[in-house]
Amino acid sequence: MSAEFTTILLAGQRSGVTNPLAEKYGVSHKCLVPIVGTPLIARMLNILTGHNNCRAIRIMIEDDGAAAIRPIVEYYRNQGHDVQMLANSENIAKSVMLGCEGQRAPYLITTADNVLLSHSSIDGVLAKMQAGAGAVAAS
């Protein structure tokens, strides 16, 4: 199994529901909430694109959210990273399946507000996958 992976980054929100944290910070989506001055989505993209084995990132988000994060995504695309935004589905499972289409395993599936993601946590998941695990849940 290759150590390279595709990330499915869940950045959408439930239809008709405004996240209280997003509302508090005056943004449309929780992935735009700033952490130490940086939107969560930018923090996630920085970590993922900085990992040598991340071959592609598929961000699952609805159209209005895509418009809001487009400048951030374009920054990473302009740096040569394979980052795409795809329309999410009506539920998380279907969104993940859509993100996997046309990509090869293994997949790292995470949310855009995962403040605990790090290169070492990614490496731990990859090591377990390479040791034969069919799926790994990290906490």
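Throughout what follows, the structure given in this document is the object of discussion. Here the structure is a predicted model, which means the values were calculated and not measured.

Rules of the game
Residues numbered from 1 in each chain as written. Predicted model: local features only at pLDDT ≥ 70, side-chain atom pairs only at ≥ 80, totals over all residues. Heavy atoms only, no water. Helix = DSSP H or I, 4+ residues; strand = E, 2+ residues; numbered from the N terminus. Rg over C-alpha atoms; globule rule 2.2 N^0.38 Å. Buried < 20%, exposed > 50% of the residue type's maximum accessible area, 1.4 Å probe, protein only. Contact = heavy atoms within 4.5 Å. Areas by Shrake-Rupley, 256 points an atom, 1.4 Å probe, with all protein chains shown as cover. Phe/Tyr/Trp six-rings, centres within 6.5 Å; stacked < 30°, edge-to-face > 60°. Expected span 1.5 Å × (residues − 1).

1. A short note on the overall build of the protein chain
The helix and strand inventory of the protein chain stands at five helices and six strands. Secondary structure of the protein chain in N-to-C order comes out as β-α-β-β-α-β-α-β-α-β-α. Relative to the globule expectation of 14 Å for 139 residues, the C-alpha radius of gyration of the protein chain, 15 Å, shows essentially globular dimensions. Projected onto its principal axes, the C-alpha positions of the protein chain cover 45 × 30 × 30 Å. Here the protein chain holds 139 residues, and the buried ones make up 38% of them. Summarising the internal contacts of the protein chain: among those between residues at least 6 apart in sequence, 73% fall at separations of at least 24. For the protein chain, the exposed area adds up to about 7,700 Å²; of that, 52% sits on carbon and sulfur atoms.

2. Section: the packing of aromatic side chains
Overall, the coordinates contain one aromatic pair when judged by the stated rule. Ring centres of Tyr75 and Tyr76 lie 5.0 Å apart, and the angle between their planes is 90°; this geometry places the pair in the edge-to-face category.

3. Observations concerning the side chain of Ser89
You can see Ser89 is positioned in the loop between strand 5 (83–87) and helix 4 (92–100). Given the relative accessible area of 19%, Ser89 is considered buried. The residues touching Ser89, leaving out its near neighbours within four places in the chain, are Lys94, Ser95 and Leu98.

4. So, unusual backbone geometry
The residue after Ala105, namely Pro106, is reached through a cis peptide bond having omega 5°. You can see Pro106 is positioned in the loop between helix 4 and strand 6 (107–111). The phi dihedral of Val36 falls on the positive side, at around 50°, and the residue is not glycine. Residue placement: Val36 occurs in the loop between strand 2 (34–35) and strand 3 (38–39).

5. A word on helix 5 (residues 119–130)
With 12 residues, helix 5 extends 16 Å from end C-alpha to end C-alpha; this agrees with the ideal 16 Å at 1.5 Å per step. If you follow the buried residues of helix 5, they end up packed against strand 1 (5–10), helix 2 (40–49) and strand 6. One or two positions beyond helix 5, positive phi appears at Gly132, with a value near 115°.

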